[in-house]
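Letter by letter, the chains look like this.
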Amino acid sequence: MGARWDIFCSVVDNYGDIGVTWRLARQLAAEHGLDVRLWVDEPAAFGRLCPQADATLARQCVEGVEVCHWLGEFAAVEAADVVIEAFACTLPASYVAAMGARPAKPLWLNLEYLSAEEWVAGCHGLPSPQPGGLQKFFFFPGFTAGTGGLLREAGLIELRQAFQADAEARRAFLAEIGVALLADARLISLFAYENPALAAWLDALAQQATPTQLLVPRGRIEADVQRWLGVGELEEGGSWRRGNLQVHLLPFLSQADYDRLLWSCDFNAIRGEDSFVRAQWAGRPLLWHIYQQEEGAHWDKLDAFLGLYQADLPAAAADALTALWHAWNGRGDMAAAWAAVQLQAATLEQHAGNWCREQASRPDLAAALVLFHRNWLSCAA
Ligand code: TRH
């Protein structure tokens, strides 16, 4: 067995924190032979992403990872060789004491949120001295050289390409989640927070000549969809037709099935951090509902990403995409922006593939973490 890694995840809200840490934990165990424990304070959130897990268990082994319920009263455990506190969650004081008591101090990393902002590369890997002779390092995911990269499992792109090349695999998967493909329909997935711009988008889709099937896993956007449809409670598995738009309400899927949903769709509306990255690996155009921050800090993040993503895009396509992403996040006219994006559809589709290839040529985040540890050990020796 390799080195022991402990990953701590506090579920703030939504699924991003556990989504990222669970994905990372699995990859470290599967691809790097590491002995990984994932400490999560809300096992129910984990259970939704990984339905085969039993959310009532204090400890369980799932896909090679020991998943532990992180309780307020933290029982004494031996500290691992590498300790990741995800998204600045505060480690239990007794655990930090155990880290300090080890003769060989562990590597302590704070895994940060993903951002395309320029300052990220300058802060990635910086140390911060802690009491007890410990040092904590900031580890930033990112899209450019000098950052920690993005989570990407080995063989992911090949798997996705094989799925997308196989019409029968797509049809069978959609049938499994209760969606019968309509002839010539465009498929769009929708994962978003509550969003006042939704109605204008759905109006535009319903009026468009191209038929659309909108696939909506259960979640926070449901009430807006329901309001637009003008119906009572939405039933999971149900579908509703308005003009040229057919809306399907899906169950919340496992992470693996959610990937297949993204791969199956021609266009994906995603949110937060992890689904945002997964949609990029799907190689299809995307629409990002960014997690809103105080004082509008998320706008810098959104525009920083657009700046990178659009570096090689012709101006007309870049302008159309910017207008759409801005409108979806509350600034602008969604119907007009959607119409403009339609004129750029072919360019945007090709660009999504190019962007995915370029990002996939970079080292992935799990490999970067392992390398960071190795370098740290050799510096300490
Ligand atoms: O759930 P999110 O909104 O999480 C957010 C962000 O991470 C944000 O940055 C953070 O600050 C905030 O939480 C606290 O969106 P995200 O990051 O896309 O995570 C969703 C996870 O849910 C992702 O792993 C994909 C997964 N998922 C499924 O497994 N099945 C599904 O059906 C759907 C819709 C999502």
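Going along each chain's sequence as written, the residues are numbered from 1 onward. Residue-level local features of this predicted model are given only where pLDDT is at least 70; pairs of side-chain atoms are given and counted only at 80 or more, and the full residue set underlies all totals for whole chains, interfaces and linings. Excluding hydrogens and water, the side-chain figures rest on all heavy atoms present in the structure.

Chemist: Could you clarify how one ought to interpret the domain arrangement of the protein chain in this entry?
Modeler: Size of an interface: often given as the accessible area lost when the parts come together. The source of the domain bounds is an automatic or database domain assignment. When its domains are assigned, the protein chain resolves into domain 1 (4–150 + 362–380) and domain 2 (156–360). When each unit is reduced to the centre of its C-alpha atoms, the spacing between domain 1 and domain 2 is 30 Å. Here the quantity called buried area is the accessible surface, traced with a 1.4 Å probe, that two parts lose on coming together, added over both. Across the domain 1 to domain 2 interface the summed buried area is about 2100 Å²; carbon plus sulfur atoms make up 54%. Per-residue buried area on domain 1 facing domain 2 is highest for Arg 23, Phe 143 and Arg 362; these three make up 28% of the total on that side. Basic side-chain nitrogens of Lys or Arg form a salt bridge, by our definition, when they fall within 4 Å of a carboxyl oxygen of Asp or Glu. Counting the contacts that link domain 1 with domain 2 gives 2 salt bridges. Between Arg 23 and Asp 274 there is a salt bridge, with its nearest N and O atoms 2.8 Å apart. N or O atoms closer than or at 3.5 Å make up a polar contact, with two conditions inside protein: a donor-capable atom paired with an acceptor-capable one, and, for residues adjacent in sequence, both atoms drawn from side chains. One can count 10 residue pairs in polar contact (both at pLDDT 80 or more) joining domain 1 with domain 2. Per-element accounting of the side of domain 1 that touches domain 2 gives the leading share, 5 residues, to helix H1 (residues 16–32). Segments assigned H or I by DSSP are reported as helices when at least four residues long, segments assigned E as strands when at least two residues long, and all are numbered from the N terminus.

Chemist: What is the right way to look at the site of the ligand in this model?
Modeler: A molecule or strand has a residue near it when one of that residue's heavy atoms lies within 4 Å. With respect to spatial proximity, 22 residues lie near the ligand, and among them Tyr 193, Leu 253, Arg 271, Asp 274 and Ser 275 are the closest. Between an oxygen atom of the ligand and a main-chain N or O atom of Tyr 15, the distance comes to 2.8 Å. With respect to the ligand, the backbone of Leu 253 contributes an N or O atom lying 2.6 Å from a nitrogen atom. For the ligand, whose accessible area on its own is 710 Å², the fraction buried by protein is 97%. Those elements that place two or more of their residues in the shell around the ligand are H1, helix H9 (255–264) and helix H10 (274–281). Examining the composition of the shell around the ligand, we find that 3 residues originate from one element, H1, more than from any other. Its residues assigned to classes, the shell around the ligand comprises 10 nonpolar, 7 polar and 5 charged. Counting the residues that make up the shell around the ligand, at least three belong to each of domain 1 (4–150 + 362–380) and domain 2 (156–360). Computed by Shrake-Rupley with a 1.4 Å probe, the accessible areas treat only the displayed protein chains as cover when residues are assessed. Residue polarity is assigned by list, with Asp, Glu, Lys and Arg as charged and Ala, Val, Leu, Ile, Met, Phe, Trp, Tyr, Cys and Pro as nonpolar; anything else, Gly included, falls into the polar class.

Chemist: Help me out: how do you make sense of the sheet that holds strand E14 (residues 286–289) in this one?
Modeler: The strands that make up a sheet pair up through hydrogen bonds in the backbone, lying either parallel or antiparallel. Should DSSP find at least two bridges between two strands, the strands are taken to pair. An order of E11-E12-E10-E9-E13-E14 is seen for the 6 strands of this open sheet, with the pairing classed as mixed. Looking at which strands have only one partner, the edges of the open sheet turn out to be strand E11 (239–242) and E14. Adjacent strand axes in the sheet meet at a mean angle of 15°, parallel and antiparallel pairs treated alike. Sheet topology places strand E9 (residues 186–190) next to strand E10 (residues 212–217); 4 bridges connect them, and they run parallel. Opposite Ile 188, over in E10, you have Leu 214 as the bridge partner. Any two residues whose heavy atoms approach within 4.5 Å at even a single point are treated as in contact. Axes here refer to lines fitted to C-alpha atoms; in helices the fit is confined to the stretch in contact. Angles between the N-to-C directions go from 0 to 180 degrees. Across the sheet, helix H8 (residues 222–229) touches E9, E11 and strand E12 (245–250), and the angle it forms with E12 is around 145°.

Chemist: Please explain the pattern of salt bridges as it appears in this structure.
Modeler: Between side chains of opposite charge, pairing is possible as soon as their charged atoms come close. One pass over the structure, following the stated rule, counts 16 salt bridges. When the shortest N-O distance is used, the salt bridge between Glu 85 and Lys 136 registers 3.1 Å. Residue Glu 85 is found in strand E5 (residues 82–86), and its partner Lys 136 is found in strand E8 (residues 134–139); the two are separated by 51 residues along the sequence. Using a relative accessible area of 4% as the deciding quantity, one classes Glu 85 as buried. When salt bridges that share partners are traced, they join Arg 23, Glu 153, Asp 259, Asp 274 and Arg 278 into one network. Exposure categories follow from relative accessible area, calculated using a 1.4 Å probe and restricted to protein chains: below 20% of the type maximum is buried, above 50% is exposed, and the middle band is partly exposed.

Chemist: For this particular structure, what's the right way to read the packing of aromatic side chains?
Modeler: In this analysis, rings of Phe, Tyr and Trp, with Trp reduced to its six-membered ring, are considered paired at centre separations within 6.5 Å, and the interplanar angle assigns stacked below 30 degrees, edge-to-face beyond 60, and tilted for intermediate values. Tallied over the full model, the rule gives 32 aromatic pairs. Measuring from ring centre to ring centre gives 4.8 Å for Trp 39 and Phe 74, while their planes differ by 55°; the resulting arrangement is tilted. With Trp 39 in strand E2 (residues 35–40) and Phe 74 in the loop between strand E4 (65–69) and E5, this pair connects stretches of sequence that are 35 residues apart. Neither residue differs from the other here; Trp 39 and Phe 74 are each classed as buried. With centroids separated by 5.8 Å and ring planes inclined at 70°, the aromatic side chains of Phe 191 and Tyr 258 adopt a geometry described as edge-to-face. Placement of the pair is Phe 191 in the loop between E9 and helix H7 (198–207) and Tyr 258 in helix H9, with a sequence separation of 67 residues.

Chemist: Is there a simple way to think about the sheet that holds E5 in this case?
Modeler: With mixed pairing, the 8 strands of this open sheet are ordered in space as E3-E4-E2-E1-E5-E6-E8-E7. With partners counted over all chains shown, the strands left at the sheet margins are strand E3 (59–62) and strand E7 (127–130), one partner each. Neighbour-to-neighbour, the strand axes of this sheet turn through a mean angle of 25°, independent of strand direction. Strands strand E1 (4–9), E5, strand E6 (107–111) and E8 of the sheet are contacted by helix H3 (residues 93–101), whose axis makes an angle of about 115° with E8.

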